[in-house]
Amino acid sequence: MTEPAMTAEFDDVAGWTADAVEQLGEGYAIPAACRGSANPAALAWLAEACELRAGTRLLDVGAGIGGPAAWAAERFGVRPVLLEPMPAACRAAARLFGLPVIAADGRRIPLRAGSVDAVWCLGVLDTVADKAALLREIHRVLRPGAPLGLLAVVARSPRALPAPEGNLFPTRRRLASLLDGTGFDLVEQTGLPGGVPLSWSRRAEQVAAVVAAGHAADRAHALAARQAESLTRLFASGQISMRLVHAAKRPVPCAR
Ligand SMILES: C[S@@+](CC[C@H](N)C(=O)[O-])C[C@H]1O[C@@H](n2cnc3c(N)ncnc32)[C@H](O)[C@@H]1O
């Protein structure tokens, strides 16, 4: 994932977002730092499906600037660890939430096998070409039977799409087969619950406005905006949609 547009979207804008939150106040941090869906109902569905509770060691793979993990810590008392490859996003997450952040690629997670109680991976799969490698590595670090919560952008058909740079959307069928082939049972899935409350959307928009005011002339800002417009067009035309998925690491069958 080295395309300039993705670096702009996931690294430059991440740092600017943290600056804007610091300017506006900490109440803006979680809504602005949920960059996969910015939807508290979706996070609640994933948290309940994964049965998160106080003390759960939750690894957020491709955590961005940490909004979902911070939300899960605040609402469910989990102990999150963030993993994110983009350096400015890692620094932004540490600045905004003070959570532990591992700067690494999800295809090579520097954690012991079976050391994690639950994994979230939100809005990440479509940005990774080798999705099986990412899922296999998540499988390795999870303890047997443990939950994986995914927010996945899926394509309606396997035909090639005019996708934003670096994005490759699996179909629902392909996603199910990827999970199965990497050792996960697909427990349940649903569409994205609608209705983002104004308390979130207004804050996220205000942060975006401060970022735009400071960086509209910047090439990275234009590149990130082009990525977002391209995604919005595909969602509006129904060619892609979001799925929430609860999967579980398949228990190893007992030897007789
Ligand atoms: C759409 S953002 C979602 C961020 C965050 N999960 C959220 O919901 O707010 C996608 C994130 O995936 C990260 N990413 C892309 N490729 C990755 C990889 N190979 N391993 C881990 N993270 C990756 C990007 O850097 C970016 O932060």
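These numbers were taken from a predicted model, which means no experiment stands behind them.

Teacher, can you tell me more about the nonpolar core here?
By size, the foremost hydrophobic cluster in this structure holds 54 residues, and its most contacted members are Leu52, Trp71, Phe97 and Trp120. When residues of this core are assigned to their parent elements, the largest contribution, eight residues, is made by helix H1 (residues 4-24). Leaving out residues up to four positions away in the same chain, Phe97 has contacts with Ala29, Ile30, Ala33, Ile65, Gly66, Gly67 and Ala70.

Whenever I open this one, the site of the ligand confuses me. Can you help?
Around the ligand sit 21 residues in total, of which Arg35, Gly62, Glu84, Gly106 and Leu122 are the nearest. The contact in question runs from an oxygen atom of the ligand to an N or O atom on the side chain of Glu84, over 2.6 Å. Asp105 places a polar side-chain atom, nitrogen or oxygen, 3.1 Å from a nitrogen atom of the ligand. Contact with the protein chains covers 95% of the free accessible surface of the ligand, which is 600 Å². In terms of residue class, the shell around the ligand is built from eleven nonpolar, six polar and four charged.

Would you mind showing me how to read the pairing of strand S2 (residues 79-84) here?
For a regular strand, side chains alternate in direction, first toward one face of the sheet and then toward the other. As judged from the five bridges shared by strand S1 (residues 57-61) and S2, these two strands associate in the parallel manner. Paired with Leu59 across the two strands is Val81, which belongs to S2. Note that the unit made of S1, helix H4 (residues 67-76) and S2 has a crossover that is right-handed. The pairing of S2 with strand S3 (residues 101-103) spans three bridges and is classified as parallel. Bridge assignment links Leu82 to a residue of S3, and that residue is Val101. Between S2 and its parallel partner S3, the chain crosses via helix H5 (residues 87-97), and the hand of that crossover is right-handed.

Quick question: what am I supposed to make of unusual backbone geometry here?
In most cases, non-glycine residues show a negative phi, while peptide bonds are predominantly trans. The backbone phi angle of Glu51 is positive, close to 50°, even though this residue is not glycine. Checked against the element boundaries, Glu51 lands in the loop between helix H3 (40-49) and S1.

What is the right way to look at the side chain of Asp117 in this model?
Looking at the secondary structure, you find Asp117 in the loop between S3 and strand S4 (118-122). Note on Asp117: relative accessible area 13%, which makes it buried. At a separation of 2.7 Å, a polar atom in the side chain of Asp117 contacts the main-chain amide nitrogen of Arg57. A distance of 3.2 Å separates the side chain of Asp117 from the side chain of Arg143, its partner in a polar contact. In contact with Asp117, not counting residues within four places along its chain, are Gly55, Thr56, Arg57, Leu142, Arg143, Ala146 and Pro147.

Looking at this structure, how should I read the packing of aromatic side chains?
Geometrically, a pair of aromatic rings is defined through the distance of the ring centres and the angle of the planes. Taken as a whole and assessed by the stated rule, the structure comprises one aromatic pair. Both rings, one in Trp71 and one in Phe76, keep their centres 5.7 Å apart while their planes meet at 45°; by these two values the pair is tilted. For the pair Trp71 and Phe76, one class covers both residues: buried. Its end group placed over the ring of Tyr28, Arg203 keeps NZ or CZ at 5.7 Å from the ring centre.

Honestly, the pattern of salt bridges in this entry has me stumped. Any pointers?
A side chain of one charge can pair with a side chain of the opposite charge when the charged atoms of the two come close. Evaluation of the coordinates by the stated rule reveals ten salt bridges. For the salt bridge of Arg250 with Asp180, the shortest nitrogen-to-oxygen distance reads 2.6 Å. Residue Arg250 is found in the segment after strand S7 (240-249), and its partner Asp180 is found in helix H7 (residues 172-181); the two are separated by 70 residues along the sequence. Judged by relative accessible area, Arg250 falls into the partly exposed class, the value being 29%. With a relative accessible area of 46%, Asp180 lands in the partly exposed category. Ionic contacts of the salt-bridge type, sharing partners, join the residues Asp19, Glu22 and Arg95 into one network.

Conventions we followed
Residues numbered from 1 in each chain as written. Predicted model: local features only at pLDDT ≥ 70, side-chain atom pairs only at ≥ 80, totals over all residues. Heavy atoms only, no water. Core = buried A, V, L, I, M, F, W, Y, C linked by side-chain atoms within 4.5 Å. Buried < 20%, exposed > 50% of the residue type's maximum accessible area, 1.4 Å probe, protein only. Helix = DSSP H or I, 4+ residues; strand = E, 2+ residues; numbered from the N terminus. Contact = heavy atoms within 4.5 Å. Near = heavy atom within 4 Å. Polar contact = N/O pair within 3.5 Å; in protein donor to acceptor, adjacent residues only side chain to side chain. Areas by Shrake-Rupley, 256 points an atom, 1.4 Å probe, with all protein chains shown as cover. Nonpolar A, V, L, I, M, F, W, Y, C, P; charged D, E, K, R; others polar. Pairing = 2+ DSSP bridges. Right-handed = clockwise from strand over helix to strand, strands pointing away. Phe/Tyr/Trp six-rings, centres within 6.5 Å; stacked < 30°, edge-to-face > 60°. Lys NZ or Arg CZ within 6 Å of the ring centre and 35° of its normal. Salt bridge = Lys/Arg side-chain N within 4 Å of Asp/Glu carboxyl O.

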